[in-house]
Amino acid sequence: MSNVPDDLRYTNDHEYVQLTDDPDVVNIGVTDYAQGELGDVVFLNLPSPGDTFEAHQAFGTIEAVKAVADLYAPVAGEVVEINGDLDADPALVNTDPYGAGWMIRLQVDNPSDLEGLMSPDDYRAHIGE
Amino acid sequence: MTETLRHTPLYDHHVALGAKMVSFAGYEMPVQYADGILEEHRAVREDCGIFDVSHMGEFEVTGPDRNAFVNRIACNDVGAIGPGDVQYSAILNEDGTFIDDCTVYRYDDKIMLVVNAANRAKAWEHVVAQKKGTNIRLKDISDDVGLLAVQGPRAEAILKPLAGMSLEAIGYYRHTSGQIAERGCFISRTGYTGEDGFEIYCRAHDTVALWEAITGAGAKPIGLGARDSLRLEMGYALYGNDIDHTISPLEAGLGWIVKLDKGTRFIGSAALQAEKDRGVTRKLVGFKLLERGIPRHGYPVIAGGRQADIVRSGGQSPSLGIPIGTTLLPPAYAGIGSRFEVDCRGKLIPAEVVKRPFWTRGSVKKR
């Protein structure tokens, strides 16, 4: 069984969205289910702070030993920070996807867009768990 | 259409160990276990791993004409080895390209050919069609045989307490028969990892008992993912990637298994003689990427501004920490140090031809 924390929101593409103290800023990464399916992560191609993305637009790629996957912006917004630790230690995505394995911090254009994301229960159903 | 996947005798063990199962050559096989490919790869390089490769195919050739027959269907020279020897060889088409690569086990009274699982049916059909008037008997024993590979610098130490024969006495590419964990088997000092180790052929119904004994002695289960990264680091060819029905052994850098002067014609020999006379137009090379990226099978390879080939095999080398691969290049681009580019999902990444094997510090004992 994959870990699907109750305090996060999710997408069809297996990203999670974590709210922060700032209602306009969220942390984004991939779910425990996604890291398990991908296997050992070798490196990530992440955007730069200041880059802007529409919802569902690819913002980067995740390269694992056996597979490569695109990363999609859950909602529209501007990147305000990336997790620089992943450059030296991409395995953080495998070992701590919801903590040290976060990928980008996004300033969202419309906080109300977040309401359209999947609930933990919806995501569990999406992955068949 | 749903395909019914076959299982080796160890299927339940793989699932119980938390393996991620994938479809491979008609079988449901473990690509990795719970610890993941990188940890499994490291375990084989530094310690000892065990692979279930029971899906491989084995053909038995008996009868008085067996050596002449094998010399006609395979390009290496079975006359150059004796009973107790193992030889790397290939079964070719008339045009000198691969039907499959194989290993040839010579015994006092028979020969065993070991072929890839994915090519078993095709190779069997081809071999049977060559039988014609020869006085031999062919038997596909694949379903009766379990095969475990025990690989790593500690392979001999781990097997030793279980072995009813002297493992020290088995030289590189030699085989013998005897007992492991009180089960009768054939054992050879061979493998596909670059490490010292053995391949153990047993009765299918003994596979589980042997697996339990050898894992109990400390060998770590290893899936197909690490099997691929280990063999890639050694530059060992994989059918479907580095070699296939469009590629000749001369192009693949396997001229050393092509014995044009063995005193008898073989299937593909005329085409290979002609290719040798005029020179190959492309060569399989090893390369490394000079910037971050992962060259995966099928990515376009660009040399001199034009697509020369695709990435044949490729991936991140776990032992070296760099992206490596193989591709077929025109001789002008195939020299060590030659530069070209790999199109990694739309981004052109510079690459450089390097020597194979990529990994040169393995424990394999060529004695």
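What you are looking at is a predicted structure, and each value in this text was computed from that prediction instead of being measured. (Residues numbered from 1 in each chain as written. Chains lettered and ligands numbered in written order. Predicted model: local features only at pLDDT ≥ 70, side-chain atom pairs only at ≥ 80, totals over all residues. Heavy atoms only, no water.)

Participant: Residue-level account of the overall build of chain B, with values.
Facilitator: In terms of helices and strands, chain B carries eight helices and 20 strands. For chain B, the spread of C-alpha atoms along the principal axes amounts to about 60 × 50 × 50 Å. For chain B, the residues scored as buried account for 56% of the 367 residues in total. Of all intrachain contacts in chain B linking residues separated by at least 6 positions in sequence, the fraction that spans at least 24 positions is 65%. Summing over all exposed atoms, chain B offers an accessible surface of approximately 14900 Å²; the carbon and sulfur share of this is 50%. Chain B carries 44 positive and 45 negative side-chain charges, and their two centres are separated by 4 Å. (Helix = DSSP H or I, 4+ residues; strand = E, 2+ residues; numbered from the N terminus. Buried < 20%, exposed > 50% of the residue type's maximum accessible area, 1.4 Å probe, protein only. Contact = heavy atoms within 4.5 Å. Areas by Shrake-Rupley, 256 points an atom, 1.4 Å probe, with all protein chains shown as cover. Lys, Arg positive; Asp, Glu negative; His and termini not counted. Charge placed at Lys NZ, Arg CZ, Asp CG, Glu CD.)

Participant: Lay out the sheet that holds strand β7 (residues 111-115) of chain B in plain terms, naming residues and giving numbers.
Facilitator: All names here are of chain B. Here we have five strands laid out as an open sheet, ordered β5-β6-β7-β4-β8, and antiparallel in their pairing. Each having just a single partner strand, β5 (86-92) and β8 (137-140) make up the two edges of the open sheet. Between one strand axis and the next, the sheet turns by 25° as a mean value, whatever way the strands run. By the bridge criterion, five bridges tie strand β4 (residues 57-62) to β7 in an arrangement that is antiparallel. Counted as the bridge partner of Val-61 is Ile-111 from β7. (Pairing = 2+ DSSP bridges. Axes fitted to C-alpha atoms, helices over the stretch in contact; angles between N-to-C directions.)

Participant: Give me the lowdown on the sheet that holds strand β3 (residues 25-30) of chain A, citing residues and values where you can.
Facilitator: Residues and elements named next belong to chain A. On the basis of which strands lie adjacent, the open sheet formed by six strands has the order β1-β2-β3-β9-β8-β5 and antiparallel pairing. Two strands lie at the open edges of the sheet, namely β1 (9-10) and β5 (52-53), each paired on one side alone. Across five bridges, the pairing between strand β2 (residues 15-19) and β3 is antiparallel. Residue pairing for β3: Leu-19 is matched across the bridge by Val-26.

Participant: I'd love a proper account of the nonpolar core, names of residues and values included.
Facilitator: Residue and element names in this part refer to chain B. Residues Phe-98 and Leu-254 are the most contacted members of the largest nonpolar core, which totals 41 residues. Top contributing element to this core by residue count: β5, with four residues. Cys-48, Ala-155, Ile-187 and Cys-202 belong to the second largest nonpolar core, which has 27 residues in total. (Core = buried A, V, L, I, M, F, W, Y, C linked by side-chain atoms within 4.5 Å.)

Participant: Which residues make up the interface of chain B and chain A, and what are the values?
Facilitator: Interfaces are often sized by the amount of accessible area the parts lose when they come together. Contacts between the two partners involve 15 residues from chain B, matched on the other side by 18 residues from chain A. Summed over both sides, the interface between chain B and chain A buries roughly 1300 Å², with carbon and sulfur atoms accounting for 50% of that surface. Per-residue buried area on chain B facing chain A is highest for B:Arg292, B:Arg296 and B:Arg345; these three make up 44% of the total on that side. Here chain B is connected to chain A by four salt bridges. With a shortest N-O distance of 4.0 Å, B:Asp228 and A:Lys66 are connected by a salt bridge. Our enumeration of links across chain B and chain A arrives at 12 residue pairs in polar contact (both at pLDDT 80 or more). (Buried area = accessible area lost by both parts, 1.4 Å probe. Salt bridge = Lys/Arg side-chain N within 4 Å of Asp/Glu carboxyl O. Polar contact = N/O pair within 3.5 Å; in protein donor to acceptor, adjacent residues only side chain to side chain.)

Participant: Help me get a handle on the environment of B:Lys160, residues and values and all.
Facilitator: Residue and element names in this part refer to chain B. Counting through the fold element by element, Lys-160 comes out in the loop between α5 (155-159) and β10 (175-180). Here the alpha-carbon distance between Lys-160 and Ile-180, two residues 20 residues apart in the chain, equals 8.9 Å. For Lys-160, the residues in contact, after removing those within four places along its chain, are Leu-167 and Glu-168.

Participant: With reference to specific residues and values, describe the pattern of salt bridges.
Facilitator: Between side chains of opposite charge, pairing is possible as soon as their charged atoms come close. This structure, assessed with the given rule, holds 28 salt bridges over all chains. A:Asp87 serves as the salt-bridge partner of B:Arg292, at 3.2 Å between the closest nitrogen and oxygen. With one member in each of two chains, B:Arg292 in the loop between β14 (283-289) and β15 (300-303) and A:Asp87 in helix α2 (residues 85-88) form a pair that bridges those chains. Using a relative accessible area of 38% as the deciding quantity, one classes B:Arg292 as partly exposed. Classification of A:Asp87 as exposed rests on a relative accessible area of 59%. A salt bridge links B:Glu195 to B:Arg45; the shortest N-O distance between them is 2.9 Å. Of the two residues, B:Glu195 sits in the loop between β11 (183-188) and β12 (197-203) while B:Arg45 sits in helix α2 (residues 37-46), which places them 150 residues apart along the sequence. In this pair, the class of B:Glu195 matches that of B:Arg45, namely buried.

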